[in-house]
Amino acid sequence: MVHSSPTPCPECAQPMRFGGWALCRREEDGARVCRGLWECPQRHFWWQWADRKDTAPEPCSYPHLFGR
Ligand SMILES: [Zn+2]
């Protein structure tokens, strides 16, 4: 499975690197859904719902998920 960046970093427009998955509980519908983790070279962290690839990545405030 190839992971390519869904979008450039929304903050600095550089290509992002896939950082793994985080299983989350989504409050709005109660579903347990994976979020793809994305990191850009400037250390901006983002995540995105795996089943909502058409939505914009959201800022991820848990950099420890990336092993940082
Ligand atoms: Zn960035």
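Residues numbered from 1 in each chain as written. Predicted model: local features only at pLDDT ≥ 70, side-chain atom pairs only at ≥ 80, totals over all residues.

Asks: Break down unusual backbone geometry for me, with residues and values.
Replies: Residues other than glycine seldom take positive phi values, yet Ala 13 does so here, at roughly 65°. Mapping Ala 13 onto the fold places it in the segment before β1 (17–25). We classify Ala 13 as exposed; it has 10 C-beta atoms within 10 Å. Notably, Arg 43 is not glycine yet its phi reads approximately 65°, a positive angle. Among the secondary structure elements, Arg 43 is positioned in the loop between β2 (32–39) and β3 (45–49). (Helix = DSSP H or I, 4+ residues; strand = E, 2+ residues; numbered from the N terminus. Buried ≥ 20, exposed ≤ 12 C-beta atoms within 10 Å, placed from the backbone.)

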